[in-house]
Amino acid sequence: MKWKVIFGLIAVSVLLFYSFSNYSELHQDDEKPITLLEFNKKIKESEKIVLVYFHASWCTVCKKVKPVLAELENEFSEKVEVFRIDTDRDKEVAHEFDIHALPVMMLYNHANREWIHVGIISKGDLKQKIVPYTWDKKSK
């Protein structure tokens, strides 16, 4: 009986340690949650095309998409704004869009949602979706 109690205490200690040690990793952003009002305002007021990226720190596929997104963000920095929504932190926004799978990308042009994608995407495919909205009609 004594060993069961000791084993139980050790198991609880390990679980608590694991939970708190991962807490800082899961919530490493010190940013406050983004409200739905703030989200909508940002989409409406942006003069750039907005690529909304719903992700979570624990999402394996999101980790694979992250470098692709960073490359395209650098390449299109003048015309595209990437708006990252952490579904664990920004629950109100994630709930509004009924996000149940990750990652999710949405492309907005002048506050109009033009495209939605769920899951992994290659750099080429993502670029192909972005380019038509970055084309400047004045430069023709």
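Please read all numbers here as calculations on a predicted model, not as lab measurements.

K.L.:
Help me understand the sheet that holds strand 4 (residues 112-118), please; the structure alone is not making it clear to me.
P.N.:
Spatial ordering of the open sheet is given by 2-1-3-4, a layout of four strands whose pairing is mixed. Pairing within the sheet leaves two strands with one partner each, and these edge strands are strand 2 (80-86) and strand 4. Taking each pair of neighbouring strands and ignoring which way they run, the sheet shows an average axis angle of 20°. Here five bridges tie strand 1 (residues 49-55) to strand 3 (residues 104-109), and the two strands are oriented antiparallel to one another. Pairing of V52 across the sheet is with M106, part of strand 3.

K.L.:
Just to check I follow, could you spell out the environment of I116 for this structure?
P.N.:
By secondary structure assignment, the location of I116 is in strand 4. The exposure class of I116 is partly exposed, given its relative accessible area of 45%. Expressed as a C-alpha distance, the spacing of I116 and V104, which sit 12 residues apart in the sequence, is 7.2 Å. Among all residues touching I116, those that are not within four sequence positions of it are V104, M105 and M106.

K.L.:
What should I look at first to understand the nonpolar core in this one?
P.N.:
Most often, soluble globular proteins have nonpolar side chains that are buried together. F39, L51, V52, F54, M105 and L126 are the most contacted members of the largest nonpolar core, which totals 35 residues. Sorting the residues of this core by element identifies helix 2 (36-45), strand 1, helix 3 (60-75), strand 2, helix 4 (91-96), strand 3 and helix 5 (123-134) as the ones contributing at least two each. Residue contacts for L51: discarding those within four places in its chain leaves L69, V80, E81, V82, F83, M105, M106, L107, W115, L126 and I130.

K.L.:
Where do I start with the side chain of D90 in this structure?
P.N.:
Within the secondary structure, D90 is located in the loop between strand 2 and helix 4. D90 sits in the buried class, given a relative accessible area of 0%. If we skip the residues at most four places from it in the chain, D90 touches K32, P33, I34, R84 and I85.

K.L.:
Can you walk me through the pattern of salt bridges in this structure?
P.N.:
Here the idea is simple: oppositely charged side chains can pair when their charged atoms come close. One pass over the structure, following the stated rule, counts six salt bridges. Put simply, E38 and K32 hold a salt bridge, and the shortest N to O gap is 2.8 Å. Exposure remark for E38: the relative accessible area of 33% places this residue in the partly exposed category. Overall, K32 belongs to the exposed group, its relative accessible area being 55%. The closest approach of N and O atoms between K123 and E71, which form a salt bridge, is 2.9 Å. Highlighted residues: K123 in helix 5 and E71 in helix 3, separated in sequence by 52 residues.

K.L.:
It is not clear to me how the packing of helix 3 against helix 5 should be interpreted in this structure. Could you clarify?
P.N.:
In a pair of packed helices, the angle between the axes and the distance between the axes together describe the arrangement. One way to put it is that helix 3 packs onto helix 5 with a least axis distance of 10 Å and a crossing angle of 40°. Classified by the angle their axes make, helix 3 and helix 5 are oblique. Our pair here, helix 3 against helix 5, has a crossing hand that is right-handed. Of the residues in helix 5, those in contact with V68, L69, E71, L72 and E75 of helix 3 are K123, L126, K127 and I130. Residue classes in the contact of helix 3 with helix 5 are distributed as five nonpolar, no polar and four charged.

Thresholds, definitions, all that
- Residues numbered from 1 in each chain as written.
- Predicted model: local features only at pLDDT ≥ 70, side-chain atom pairs only at ≥ 80, totals over all residues.
- Heavy atoms only, no water.
- Pairing = 2+ DSSP bridges.
- Helix = DSSP H or I, 4+ residues; strand = E, 2+ residues; numbered from the N terminus.
- Axes fitted to C-alpha atoms, helices over the stretch in contact; angles between N-to-C directions.
- Buried < 20%, exposed > 50% of the residue type's maximum accessible area, 1.4 Å probe, protein only.
- Contact = heavy atoms within 4.5 Å.
- Core = buried A, V, L, I, M, F, W, Y, C linked by side-chain atoms within 4.5 Å.
- Salt bridge = Lys/Arg side-chain N within 4 Å of Asp/Glu carboxyl O.
- Parallel < 35°, antiparallel > 145°, perpendicular 65-115°, else oblique.
- Left-handed = near helix turned anticlockwise from the far one by under 90°.
- Nonpolar A, V, L, I, M, F, W, Y, C, P; charged D, E, K, R; others polar.

So yeah, pure geometry; function would need other evidence.
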